[in-house]
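# Secondary and tertiary structure notes
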Amino acid sequence: MECVVQGIIETQYVEALEILLQGLCGVHKERLRIHEICLKSGPNLGVVASEVRLLCDLEQPESTWTVRHIGGAMRGAGAEQISVLVRTMVESKVSKNALRLFYALGYKLDHELLRVGFAFHFQRGAQITVTVSSVNKMLKLHATDEAVPVTPGIQLVEVTAPASAENYNEVVAAVSSFCEYLAPLLHLSKPGISTGVVPTAAAAAASLMSDGGGTPL
Amino acid sequence: MPLKWVLHWQPNAGTTVSSQILSEVSQCVESINGVKEGRWRATLTFYKPHTREQLMAAEFPRDFLGILLPEQPNKYYFIIRGQRIVLEADSSIQTLMEKLQSYKTRVALHFDGFQYQLGDFQLRVGKVVPTHSENLRGIVMEVEYLPISSVEKAKQIMEEFLDIWREAISKRSLPGHFMHMEPNFVEYGLTDHYTSQHTAVQYATVMAQLIATVQAVQSVRN
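So, how was this worked out
- Residues numbered from 1 in each chain as written.
- Chains lettered and ligands numbered in written order.
- Predicted model: local features only at pLDDT ≥ 70, side-chain atom pairs only at ≥ 80, totals over all residues.
- Heavy atoms only, no water.
- Helix = DSSP H or I, 4+ residues; strand = E, 2+ residues; numbered from the N terminus.
- Rg over C-alpha atoms; globule rule 2.2 N^0.38 Å.
- Contact = heavy atoms within 4.5 Å.
- Areas by Shrake-Rupley, 256 points an atom, 1.4 Å probe, with all protein chains shown as cover.
- Lys, Arg positive; Asp, Glu negative; His and termini not counted.
- Charge placed at Lys NZ, Arg CZ, Asp CG, Glu CD.
- Expected span 1.5 Å × (residues − 1).
- Buried < 20%, exposed > 50% of the residue type's maximum accessible area, 1.4 Å probe, protein only.
- Phe/Tyr/Trp six-rings, centres within 6.5 Å; stacked < 30°, edge-to-face > 60°.
- Lys NZ or Arg CZ within 6 Å of the ring centre and 35° of its normal.
- Axes fitted to C-alpha atoms, helices over the stretch in contact; angles between N-to-C directions.
- Parallel < 35°, antiparallel > 145°, perpendicular 65-115°, else oblique.
- Left-handed = near helix turned anticlockwise from the far one by under 90°.
- Nonpolar A, V, L, I, M, F, W, Y, C, P; charged D, E, K, R; others polar.
- Polar contact = N/O pair within 3.5 Å; in protein donor to acceptor, adjacent residues only side chain to side chain.
- pLDDT = per-residue confidence, 0-100.

### Notes on the overall build of chain A
Counting secondary structure elements, chain A contains 5 helices and 9 strands. Its helices and strands in sequence order give chain A the pattern β-α-β-β-β-α-β-α-β-β-β-β-α-α, from N to C terminus. Its C-alpha radius of gyration of 18 Å places chain A within 12% of the 17 Å reference for a compact globule of 217 residues. Contacts spanning at least 24 positions in sequence make up 66% of the contacts within chain A whose residues lie at least 6 apart. Total accessible area on chain A stands at roughly 10,700 Å², and carbon and sulfur atoms take up 53% of it. Side-chain charges in chain A split into 17 positive and 21 negative, and the spacing between the mean points of these groups amounts to 7 Å.

### Quick look at helix H1 (residues 19-31) of chain B
Residue and element names in this part refer to chain B. In this model H1 runs 18 Å from its N-terminal to its C-terminal C-alpha over 13 residues, within 8% of the 18 Å that 1.5 Å per residue would give. Turning to H1, its buried residues are Ile21, Leu22, Glu24, Val25, Ser26, Cys28 and Val29. On the buried face of H1, the contacting elements are strand E1 (3-11), strand E6 (103-118), strand E7 (121-130), strand E8 (138-145), helix H3 (155-170) and strand E9 (176-179).

### Quick notes on the packing of aromatic side chains
Residue and element names in this part refer to chain B. Applying the stated criterion across every chain yields a total of 13 aromatic pairs over all chains. Centre to centre, the rings of Phe64 and Tyr103 are 5.2 Å apart; their planes meet at 80°, and the pair counts as edge-to-face. With Phe64 in strand E3 (residues 64-68) and Tyr103 in strand E6, this residue pair connects regions lying 39 residues apart in the sequence. For Phe64, a relative accessible area of 0% gives the class buried. Measuring from ring centre to ring centre gives 4.8 Å for Phe121 and Tyr145, while their planes differ by 40°; the resulting arrangement is tilted. Taken together, the residues span a long stretch of sequence, with Phe121 in strand E7 and Tyr145 in strand E8 at a distance of 24 residues. Looking at Phe121, the relative accessible area reads 10%, which means it is buried. Assessed through its relative accessible area of 10%, Tyr145 is described here as buried. Aromatic rings pair up to connect Tyr47, Phe64, Tyr76, Phe78 and Tyr103 into one cluster. The positively charged end of Lys36 is found above the aromatic ring belonging to Phe114, 3.9 Å away from the centroid.

### Structural notes on the packing of H1 of chain B against H3 of chain B
Packed helix pairs are specified by the crossing angle of their axes together with the interaxial distance, meaning the distance between the axes. All names here are of chain B. The interhelical angle for the contact between H1 and H3, taken along N-to-C directions, is 120°, at an axis separation of 10 Å. By the criterion of interaxial angle, the relationship of H1 to H3 is oblique. The two elements H1 and H3 cross, and the hand of that crossing is right-handed. Touching Val25, Cys28 and Val29 of H1 are Trp165, Ala168 and Ile169, all from H3. Partitioning the contact of H1 with H3 into residue classes produces 6 nonpolar, no polar and no charged.

### Points about the environment of Thr129 of chain A
Residue and element names in this part refer to chain A. In this fold, Thr129 is placed in strand E7 (residues 127-138). Residues Thr129 and Cys25 lie 104 residues apart in sequence; the distance between their C-alpha atoms is 9.9 Å. In this structure Thr129 touches Phe120, His121, Glu158, Val159 and Thr160, once residues within four positions along its chain are discounted. Separated by 3.0 Å, the side chains of Thr129 and His121 make a polar contact.

### Observations regarding the confidence of the model for chain B
Overall, the predicted model of chain B reaches an average pLDDT of 93, with 98% of residues at or above 70. For this predicted complex, the interface score ipTM comes out at 0.92, alongside a pTM of 0.92.

What follows is the structure, given as structure tokens:
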């Protein structure tokens, strides 16, 4: 299970966001370069269609692979009231043959992306990960060296935290509370609910840049 | 990781495997001074595609299997033998596959038995039984040589050990013999340095042999 919120930020304010996150998290950022291959089951496989994502971490000296399945979101009146998405998520590290295996099992390539940016991993009421990345598409199959931004000038910010059926309320609270600190720069909400950029971003970014990041909030 | 050969019991034509043979094999290990250490178990699962109609299943692999090995309790191995694919994953991959609902368990088997220490060798003798059944389907034996990790470098000493073993077991006049069929590891993208992926591939090969033996017996009966 995981808790997720997303938002967008103009590329020109990413540096300010990095300063803010550095101050809030107290850890160094990790560079991110992930090739995400999204597979869907072929027409005759399964009673319902299924999707699986293969993530290849290109930042490592030798690429490492993860398989991830994102399941349904928690439903009901309670779920609607919380501002964070809670959904099932299972992932597994795998050796490098994963793509061959899933093709052989009858999965087909749906789309692929290259996410380039950075991430912060830290503990603040929950194990939180903030990723800031440009989402790029490849012009040729698997050509990660020739990727172009899907939305030039805009980057995606994602805040995620693992959760369980027993503790998701605490995790939701931790994520929501953390997101409030980012409010001057961007608005974070459930994936699928787009909110656009925030009007205070320019002023907030200017303040962060002139401050030099020396004053933690 | 030390190199290992996985052998299976090949019954003579017209005979089948029995718990008597298993007992004789275990006694034979002890007679050559194998020291019994403890139990071991591996689990192999055959998967079948989940399709809306039976006929659709034909377009998907029939030899997709998963293996849980006792020496890697946090890992799980997938093999599609016909396409020479082996994958090592975290054990959470089993949950992931269940969530996908594209493949489900067709049959699962345990490889179950005792482990023995014999100098630089570690032996495992195991019965092959379907889970939830005591119906003996085969016998396997693992021979592990602890000092060497190279598939090629270990060949000679493993052959020498097997010669000693075969001589010991032949004295019991059992209706069959242990066979070792080394898969072409290179075809699976594996190197000379031995890993649990090599073990998983050997188990897949052994299963193919066990199935072929059962089918041969059935066709003779028919």
